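# Results of the structural survey
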Amino acid sequence: MSSSERQVRAAAIAAALSSEERVRILSGADMWHTVAVPEHGLDAVTVADGPHGIRRQVGDGSVGFGTGEPATCFPPAATLACSWDPALAEAVGRAIGAEARAQGVDVVLGPGLNLKRHPCCGRNFEYCSEDPLLSGRMAAGLVRGVQAAGVGACLKHFAVNNQETARMVVDVVVDERTLRELYLTGFEIALAEGRPWTVMCAYNRVNGEYCSDSRRLLTDILRGEWGFDGLVMSDWGAVNDRAAGVTAGLDLEMPGSAGVNDAALLAAVADGRLASDDLAGSARRVIALALTAQEARSAEEPVGMSALTEAHHALARRAAAESTVLLVNNGVLPLRPHARLAVIGAMAESPRYQGTGSSQVTPTRLDDALAAIRTRAGQGVNVEYVSAYDAATGESAHDGIATAALAAAEADVAVVFVGLPPAYESEGFDREHMRLPEGHDRLVEAVCTANPRTVVVLGGGSPAELPWAERPAAILTAYLGGQAGGSAVADVLFGDAEPAGRLAETWPLAQADVAADAHSPGTGRRVQYREGLYVGYRYFTTAGRPVRYCFGHGLSYTTFEFGTVSLSAERIAAGGEVAVRVPVTNIGGRRGAAVVQVYVRDVASAVHRPARELRGFAKLWLEPGETAQAEVTLGARAFAFYDVASASWQIEGGEFEVLVGDSADDLRGKATVVVESPFVPTASPPPPGLVADDVRFAAMLGRAIPGPEAVLPYRRTSTIGDLGHTALGRRLQRALLRTFERRAGTDALDATARAMMERVVLEMPLRGLVTMSEGALSWRVLDALIAALNGRWGRALGTLIRG
């Protein structure tokens, strides 16, 4: 049936349900399923984690973290985004969707596309870029691919979820222009170009309001301005106030709260706090999702996993290679045949191929670079291996470094694998610093001293400080390559594959250089986005500050020549389009990929704007001697800014430079277009240093800057970690941690997963004790407990007696 017919049928079923029945379907049946309505022919919808592969949990899954059924682990978003190839993302998405069908999953919980505000966000490996256009286009490709397989996608986490510290309660204080131009634009693009079935709201607050309670985000913007007609679900345990959530447009509470919120919803309907139309609307969207999933299931029989794994592993290998970024190459790569190699670093044998947390996939197989290098080098070629450090912790002993240096000295080329060990980055906590393990830095220095023909292969989900960057003959970053990443690295090292990736984020020289660093991750459960628009390359190019590797950077094994930039028009009216064209020629000796990046600069703006902003890109694969024309169309939004006064996108008339290059800093040509517009904005110069002081930030917000939030008195939104502030709270905290450890089976988890689980528990709001208890704890008991924690024993006793 058509989408409109499906909506009509969903509305008819919703109208036939009682208020109690409507309420019942607005909460999940358990961790991974919606409530079935068999009397109306509606099956349960099955959801599963899956930004870069399906995590179909086995067992009861009561805490939402455990062993998953084997599935292809593709490169995570941080890696795949470096391909700058939405078509490749779509192919990966289609494969993920096929495996979801094979495992009985109806909705994949991904992709994630929160912006990379700071390199130390522990979950950056799950997100695409510091740029909203690149993030939105890559996420849209994944969505299209997943849904082409008859499985729904879920964009997450909406919105402004850019750190793990206090992620369940933190209040993001951000001005409206920055919110619109940076943090919402990626979602807007992915929704328009991907049309996902569902969106997931984030845990955090935005300007004092929980995302789950925000009608402005979930209805006014998402549905009203952007036209989204799908379902909005909560992140797991993200519901703050269930009645306020339904009013806001939050349709589905996940996981199910075993009915503890049903009475609150019915009471809100009875006393008029929740409109019947809002309840019916959410019920209709849940029903429409069930109808869509059932129709997709019945369209064709799914292909079994066994028929998919080999082709999908090959796709994962290709995706990893095409996302690998060659940062430095002084002629040592590709490796020469028969060269004596020293492979150094435990990550070569025990790869970090994905991040830790809810996205963790059980791979169908796992390639390591050491085995792949030995296989590719062939028999009779000496490949010496020295582990040098512990892969899990990154710790290294002096004798391991000394042994590595000796092996390097005897080799033609040394290949050193270093990076961020699992304990350095994970869902649930942020990185403490941007450095590699100290022993990794010493290892690289020692090997480069022993052999100047050293290649460094970096692994990890985010940029790192590289104090030795001038020493190796070559550096490439494989990020986290997925299950085939080891073979992909070998393919690139030997030249069997082109290093076709370009950085999707800036690599700063040092953490202190990041504009957001002084105000990240915030204090007192609040974080202030004082850098405003100046995130990533927008800051560095505008401030004129040097970086280690700029946004969009990446070398090739061939050479490209950019021709003259031309435009389809020299003058356009506001709202019009202009096509940007540039011929690109491969003047090298082998096939390669060029990524043509188009930036726009407002030449003379009354409103402060970054020095350049990415407005389009095209990836071209060219044979030696081949010329092709890249064409990128710039629409109205390429020249617009968000005008807070009129609450709309506006264009200030005048000249705009269209800058075409190979990266944000390597600009190969430009052209100028005049955009005619009558709009005259109020003058707004940039903040001194581009980071706002108190006065300027308050002006940006249009209100006083909120101060830190007090821990005491305790309330439903206090966290389990907050309990450590009182003696009684500490006793309760210890008991809760023991309970969660038993339920999660943390003894079977590795150290990083255990640390993640502990941080998740400590940052859980006390309200989660009710909604995640499967009905074991009531709101009445929690409120009595909170009263007791606050020393109000009489009130606590009265609450229990009245209940």
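For the structure, check the block above.
Bear in mind the structure is a predicted one, so any value in this text is a computation, not a measurement. (Residues numbered from 1 in each chain as written. Predicted model: local features only at pLDDT ≥ 70, side-chain atom pairs only at ≥ 80, totals over all residues. Heavy atoms only, no water.)

## Focus on the environment of Ala44
For Ala44, the position within the fold is in the loop between helix H2 (19–25) and strand S1 (47–49). Overall, Ala44 belongs to the partly exposed group, its relative accessible area being 26%. Once the C-alpha coordinates of Ala44 and Arg365 are considered, the two residues, 321 residues apart in sequence, prove to be 31 Å apart. Residue contacts for Ala44: discarding those within four places in its chain leaves His33, Thr34, Ala36, Asp106 and Arg297. (Helix = DSSP H or I, 4+ residues; strand = E, 2+ residues; numbered from the N terminus. Buried < 20%, exposed > 50% of the residue type's maximum accessible area, 1.4 Å probe, protein only. Contact = heavy atoms within 4.5 Å.)

## Thoughts on the sheet that holds strand S21 (residues 613–622)
One key point about sheets: their strands pair by backbone hydrogen bonds, in either a parallel or an antiparallel sense. Taken together, the five strands give an open sheet; going across it, the order is S18-S26-S25-S20-S21, and neighbouring strands pair in mixed fashion. Edge strands, defined here as strands with exactly one partner in the open sheet, are strand S18 (571–573) and S21. If you compare each strand with its neighbour and ignore which way they point, the axes differ by 25 degrees on average. Inspection of the sheet shows strand S25 (residues 654–661) paired to strand S26 (residues 667–676) by eight bridges, in the antiparallel sense. Paired with Leu659 across the bridge in S26 is Lys670. (Pairing = 2+ DSSP bridges. Axes fitted to C-alpha atoms, helices over the stretch in contact; angles between N-to-C directions.)

## Points about the state of the cysteines
Across all of its chains, the model carries zero disulfides by this definition. Its sulfur unpaired, Cys82 is 9.7 Å from the next cysteine sulfur, which belongs to Cys128. On the basis of relative accessible area, Cys82 is assigned to the buried category, the value being 1%. For Cys211, which is in no disulfide, the shortest distance to another cysteine sulfur is to Cys201 and amounts to 6.4 Å. (Disulfide = S-S within 2.5 Å.)

## Some remarks on helix H18 (residues 694–701)
Within H18, burial applies to Arg696, Phe697 and Leu701. Viewed along the axis of H18, the buried residues span an arc of 135 degrees, placing them on a single side of the element. Of the exposed residues in H18, those oriented more than 90 degrees away from the buried face are Val695 and Ala699. If you follow the buried residues of H18, they end up packed against strand S4 (171–173) and strand S15 (526–528). (Arc of directions from axis to C-beta.)

## Regarding a positive patch on the surface
A contiguous patch of positive charge on the surface is contributed by Arg730, Arg731, Arg734, Arg738 and Arg742. The residue Arg738 is located in helix H19 (residues 727–744) in this model. Exposure remark for Arg738: the relative accessible area of 47% places this residue in the partly exposed category. (Patch = residues over 30% accessible without salt bridge, like charges linked within 9 Å, V, L, I, M, F, W, Y side chains within 5 Å. Areas by Shrake-Rupley, 256 points an atom, 1.4 Å probe, with all protein chains shown as cover. Salt bridge = Lys/Arg side-chain N within 4 Å of Asp/Glu carboxyl O. Lys, Arg positive; Asp, Glu negative; His and termini not counted. Charge placed at Lys NZ, Arg CZ, Asp CG, Glu CD.)

## Let's talk about helix H22 (residues 779–789)
Along H22, the residues that are buried comprise Trp779, Leu782, Ala784, Ile786, Ala787, Ala788 and Leu789. In the segment just after H22, Gly791 is the residue with positive phi, at about 80 degrees.

## Some remarks on the pairing of strand S11 (residues 383–386)
Direction of pairing for strand S10 (residues 341–344) relative to S11: parallel, over a ladder of four bridges. The residue bridging Leu341 from the neighbouring strand is Val383, located in S11. With respect to chirality, the unit in which S10 leads through helix H13 (residues 369–377) into the neighbouring parallel S11 is right-handed. (Right-handed = clockwise from strand over helix to strand, strands pointing away.)

## Quick look at the pattern of salt bridges
Side chains carrying opposite charge are able to pair once their charged atoms draw close together. Under the counting rule described, the total for this entry stands at 54 salt bridges. Counted as one network, the salt bridges with shared partners bring together Asp171, Arg205, Arg525, Arg526, Glu709, Arg715 and Asp722.

## Looking at unusual backbone geometry
In this structure, the amide linkage connecting Gly110 to the following residue, Pro111, adopts the cis form with an omega of 10 degrees. Checked against the element boundaries, Pro111 lands in the loop between strand S2 (107–109) and helix H5 (132–148). Look at the link from Leu712 to Pro713: it is a cis peptide, with omega at 0 degrees. Of note, the phi angle at Trp84 is positive, near 50 degrees, even though the residue is not glycine. Looking at the element boundaries, Trp84 is found in the loop between helix H3 (77–80) and helix H4 (86–102). Classification of Trp84 as buried rests on a relative accessible area of 1%. One non-glycine residue, Ala166, lies in positive phi territory at about 55 degrees.

## Here's the deal with the environment of Asp367
Relative to the helices and strands, Asp367 is located in the loop between S10 and H13. Accessibility expressed as a relative area gives 9% for Asp367, which makes it buried. Once the C-alpha coordinates of Asp367 and Gly485 are considered, the two residues, 118 residues apart in sequence, prove to be 6.7 Å apart. Not counting residues within four places of it along the chain, the set of residues in contact with Asp367 comprises His313, Pro351, Gln483, Ala484, Gly486 and Ser487. A distance of 2.9 Å separates a polar atom in the side chain of Asp367 from a polar atom in the side chain of His313. A polar atom in the side chain of Asp367 sits 2.8 Å from the side chain of Ser487. (Polar contact = N/O pair within 3.5 Å; in protein donor to acceptor, adjacent residues only side chain to side chain.)

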